[in-house]
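The chain contents come next:
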Amino acid sequence: MNNTFSARRLVENELIARKANEKVARVMKIVVPGSEAVFFYCECSNTCQERIPLSVAAYQKIHNKRDRFIVLPGHTTKSVESVVESNPSYCVVEKYT
């Protein structure tokens, strides 16, 4: 497997988690407006099923930039992304362009 394919596959894995999270955010925005925490999927490239507690508003703010993803600490993939924000609950990563 070449590096281009590997990097592309890692990004595809992250996009799958993001699509699931976007559906959750749309529903929760209607059902539970406000700042209550929702458990979003980690958007790491490893296709894990772990969750990150985050308000819908915070989730949407992070994703205003389409090349940013939320991942759990330690779930970053340095070959395709860099950490642009970090706290004990999650990291925001940005894809290399």
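Structural data are supplied above this passage.
All of these numbers come straight from a predicted model, not from anything done at the bench.

Draft legend 1. Expanded view of the environment of Asn-21. Looking at the secondary structure, you find Asn-21 in helix H1 (residues 3–31). Residue class for Asn-21 comes out buried when judged on its relative accessible area of 0%. Considering only alpha carbons, one finds Asn-21 and Glu-43, 22 residues apart in sequence, at a separation of 8.6 Å. Other than its neighbours up to four places away in sequence, Asn-21 contacts Phe-40, Tyr-41, Glu-43 and Tyr-59. A polar atom in the side chain of Asn-21 sits 2.7 Å from the backbone nitrogen of Tyr-41.

Draft legend 2. View of the nonpolar core. Ranked by size, the top nonpolar core spans 19 residues in total, and within it Phe-40, Cys-42, Leu-54, Ile-70 and Tyr-90 carry the most contacts. Apart from the residues within four sequence positions on either side, Phe-40 is in contact with Asn-21, Val-24, Ala-25, Glu-50, Arg-51, Ile-52, Leu-54, Ser-55, Val-56, Tyr-59 and Ile-70.

Draft legend 3. Broad picture of the packing of aromatic side chains. Within this structure, the stated rule accounts for 1 aromatic pair. Relative to Tyr-59, the ring of Phe-40 lies with its centre 4.3 Å away and its plane at 10°, an arrangement referred to as stacked. Here Phe-40 is found in strand E1 (residues 37–41), whereas its partner Tyr-59 is found in helix H2 (residues 56–62), with 19 residues between them in sequence. For Phe-40, a relative accessible area of 0% translates into the label buried. On the basis of relative accessibility, which here comes to 2%, the residue Tyr-59 falls in the buried class. Note that Lys-95 overlies the ring of Phe-69, its terminal NZ or CZ placed 5.0 Å from the centroid.

Draft legend 4. Here's a closer look at the pattern of salt bridges. A full pass over the atoms with the stated rule returns 4 salt bridges. When the shortest N-O distance is used, the salt bridge between Arg-66 and Glu-22 registers 2.9 Å. Of this pair, Arg-66 sits in the loop between H2 and strand E3 (68–71) while Glu-22 sits in helix H1, and the two are 44 residues apart along the sequence. The residue Glu-94 makes a salt bridge to Arg-68 at a minimum N-O spacing of 2.7 Å. With Glu-94 in strand E5 (residues 91–95) and Arg-68 in strand E3, this residue pair connects regions lying 26 residues apart in the sequence.

Draft legend 5. Examining the environment of Gln-60 more closely. Take Gln-60: it is sitting in helix H2. Spatially, the C-alpha atoms of Gln-60 and Arg-26 are 9.9 Å apart, while their sequence positions differ by 34 residues.

Draft legend 6. Focus on the sheet that holds E5. With antiparallel pairing, the 3 strands of this open sheet are ordered in space as E3-E5-E4. Looking at the sheet topology across the chains shown, the edges are occupied by E3 and strand E4 (81–86). For this sheet, the mean angle separating the axes of adjacent strands, direction not counted, is 35°. Taken together, the 4 bridges between E3 and E5 define a ladder with antiparallel strand orientation. Counted as the bridge partner of Arg-68 is Glu-94 from E5.

What counts as what
Residue positions are given per chain, counting from 1 as you read along its sequence in written order. This being a predicted model, a pLDDT of at least 70 is required before a residue's local features are given, and a value of 80 or more before pairs of side-chain atoms are given or counted; all residues contribute to the totals for chains, interfaces and linings. Hydrogens and water molecules were not included; the side-chain quantities draw on all heavy atoms of the structure. Helical segments are the DSSP runs of H or I of at least four residues, strand segments are the runs of E of at least two, and each set is numbered from the N terminus. The buried label applies to any residue whose accessible area, calculated with a 1.4 Å probe on protein chains only, is under 20% of its type's maximum; exposed applies above 50%, and partly exposed to all values in between. The contact criterion used is simple: two residues touch if any of their non-hydrogen atoms lie within 4.5 Å. We call two N or O atoms a polar contact when they sit within 3.5 Å, provided that within protein one can donate a hydrogen and the other can accept it, with sequence-adjacent residues counted only if both atoms are side-chain atoms. The definition of a nonpolar core used throughout is a set of buried Ala, Val, Leu, Ile, Met, Phe, Trp, Tyr and Cys residues joined through side-chain atoms within 4.5 Å. Under the pairing criterion, centres of Phe, Tyr and Trp rings, with the six-membered ring standing for Trp, must be within 6.5 Å; the plane angle then separates stacked pairs below 30 degrees from edge-to-face pairs above 60, leaving the rest tilted. For a ring to carry a charge above it, either NZ of a lysine or CZ of an arginine must fall within 6 Å of the ring centroid while also lying within 35 degrees of the normal to the ring plane. Each reported salt bridge corresponds to a side-chain nitrogen of Lys or Arg within 4 Å of a carboxyl oxygen of Asp or Glu. We treat two strands as partners when DSSP finds at least two bridges between them. Angles run from 0 to 180 degrees between N-to-C directions of axes, and those axes are lines fitted to C-alpha atoms, restricted for helices to the stretch in contact.

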